[in-house]
Amino acid sequence: MLDQIKGLHHVTSMASDARQNNEFFTKKLGLRRVKKTVNFDAPDVYHLYYADEVGTPGSVMTYFPFPNIGKGRHGVGEVGTTVYSVPEGTVGYWEKRLADEGVAGLSRDETFGEKRLAFAGPDGDGFALVEDKSDMRAPWLKGGVPSDEAIRGFHSVSLRLRDGGATEELLKFMGYDEVDTSGNVRRLAVKGGNGADVVDIETLPGAGFADLGAGSVHHVAFAVENRAKQLEVRKALMDTGYQVTPVIDRDYFWAIYFRTPGGVLFEVATNEPGFDRDEDTAHLGEALKLPSQHQHLRPYLEQHLQKLED
């Protein structure tokens, strides 16, 4: 069993409109945009990152907003819900705030003994807020949400699978332990993590398969401290039979990817070098940052990429 993985690093999804996406996360949810860059493989598409003040692993939601992309179809083989952690007693605040902001899909329930508010993103993305009194992570304080109510970071992701057995075994190999069960959902958690420590597996044997599009999660990334730890994880996964990509430099972290038995794309990302490698912390996410191979496109991109604010 691996001990290098320390919880979630980031979740990356697809969107249909960059400006709408930016407004939702920075204004409605009160998160900080910590990076404005572009897709490595499609540089005419933004890659936007939203997180806490510094982009701490375990708080980072990222998006590829493809103009005119079709809407995704939800089903099995995907991350169904991305869940944020909020302080105890704040679900009522968030329900009113999001209702006032016109956010769709609001519903309250209690699961695993935690009060929870589900809601939809601009493209039908599945989100929830869960009250977690033990979460001591510092929030972003300049997003328009009072500090006592602000989002702390990720709580968990929920995987929707036809058969969760093999993916559960994979997660246990990655250092997760089963900690609870509720109906058709098994909860796994990693000890000594970064606060974003939980993965739920929802088993839906008769459901149709998901189809990637706007509102879909493209992949979920798990955090390791550095490149040395990442190489240890890569070797262990390959020795177990998984087909893992070579290490890829993503400017703000190094990444490896592999497909899980249930169809979800997993990434293992390093905590280094971080989002301040090319911007001062006070100005994260303000300027358009381009990978070195796309620097020559700056004049074109600055003219043609959608403006995110007035």
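Calculation notes
- Residues numbered from 1 in each chain as written.
- Predicted model: local features only at pLDDT ≥ 70, side-chain atom pairs only at ≥ 80, totals over all residues.
- Heavy atoms only, no water.
- Helix = DSSP H or I, 4+ residues; strand = E, 2+ residues; numbered from the N terminus.
- Rg over C-alpha atoms; globule rule 2.2 N^0.38 Å.
- Areas by Shrake-Rupley, 256 points an atom, 1.4 Å probe, with all protein chains shown as cover.
- Lys, Arg positive; Asp, Glu negative; His and termini not counted.
- Charge placed at Lys NZ, Arg CZ, Asp CG, Glu CD.
- UniProt positions renumbered as here; feature names shortened; annotations may be inferred.
- Buried < 20%, exposed > 50% of the residue type's maximum accessible area, 1.4 Å probe, protein only.
- Polar contact = N/O pair within 3.5 Å; in protein donor to acceptor, adjacent residues only side chain to side chain.
- Contact = heavy atoms within 4.5 Å.
- Arc of directions from axis to C-beta.
- Pairing = 2+ DSSP bridges.
- Axes fitted to C-alpha atoms, helices over the stretch in contact; angles between N-to-C directions.

### Re the overall build of the protein
- A count of helical and extended segments in the protein gives five helices and 16 strands.
- A compact globule built from 310 residues would reach a C-alpha radius of gyration of about 19 Å, and the protein, at 18 Å, matches this within 12%.
- With respect to the three principal axes, the spread of C-alpha positions in the protein is 50 × 45 × 35 Å.
- Total accessible area on the protein stands at roughly 13,200 Å², and carbon and sulfur atoms take up 48% of it.
- Looking at the protein, you have 35 positive and 47 negative side-chain charges, and the mean spots of the two groups are 2 Å apart.

### A few points about the UniProt feature "domain: Cyclic nucleotide-binding" (unreviewed entry) in the protein
- The UniProt record annotates "domain: Cyclic nucleotide-binding" (unreviewed entry) at residues 77-122.
- End-to-end, the C-alpha atoms of residues 77-122 are 21 Å apart, and along that stretch the chain is 22% helix and 46% strand.

### Quick look at the side chain of Asn-21
- Examined against the element boundaries, Asn-21 turns out to sit in helix H1 (residues 18-28).
- You can call Asn-21 buried: its relative accessible area is 2%.
- Within polar-contact distance, the side chain of Asn-21 engages the side chain of Tyr-50 at 2.7 Å.
- Ignoring any residue separated from it by four or fewer positions in sequence, one finds Asn-21 in contact with Ala-15, Leu-48, Tyr-50 and Tyr-63.

### Things to note about helix H3 (residues 165-173)
- Within the sequence span of H3, burial applies to Thr-167, Glu-168, Leu-170 and Leu-171. Considered in projection along H3, the buried side chains sweep an arc of 155° and stay on one side of the axis.
- Looking one or two residues beyond H3, the residue adopting positive phi is Gly-175, at roughly 110°.

### So, the UniProt feature "domain: VOC" (unreviewed entry) in the protein
- Mapped onto the present numbering, the UniProt feature "domain: VOC" (unreviewed entry) falls on residues 7-132 and 153-271.
- Between the end C-alpha atoms of residues 7-132 the distance is 16 Å, and the span holds 17% helix and 43% strand.
- Spanning residues 153-271, this segment combines 18% helix with 44% strand, and its end C-alpha atoms are found 15 Å apart.

### Concerning the pairing of strand S3 (residues 46-51)
- Among the six residues in S3, six count as buried, and that is most of the element.
- Of the two faces of S3, both are covered, the one formed by Tyr-46, Leu-48 and Tyr-50 as well as the one formed by His-47, Tyr-49 and Ala-51.
- As paired strands, strand S2 (residues 32-38) and S3 are joined by six bridges and run antiparallel to one another. Directly across from Arg-33, in S3, lies its bridge partner Tyr-50.
- Where S3 and strand S4 (residues 60-65) come together, three bridges link them in antiparallel fashion. Looking across to S4, one finds that Leu-48 is bridged to Tyr-63.

### Remarks on the sheet that holds strand S11 (residues 185-190)
- Spatial ordering of the open sheet is given by S6-S7-S8-S5-S9-S12-S11-S10, a layout of eight strands whose pairing is mixed. What marks the edges here is a single partner per strand, and that holds for strand S6 (107-111) and strand S10 (176-182). Across the sheet, the axes of successive neighbouring strands diverge by a mean angle of 25°, strand direction being ignored.
- Here strand S9 (residues 153-161) runs beside strand S12 (residues 198-203); their pairing, made up of six bridges, is parallel. When the sheet's bridge partners are listed, Ser-158 is paired in S12 with Asp-200.

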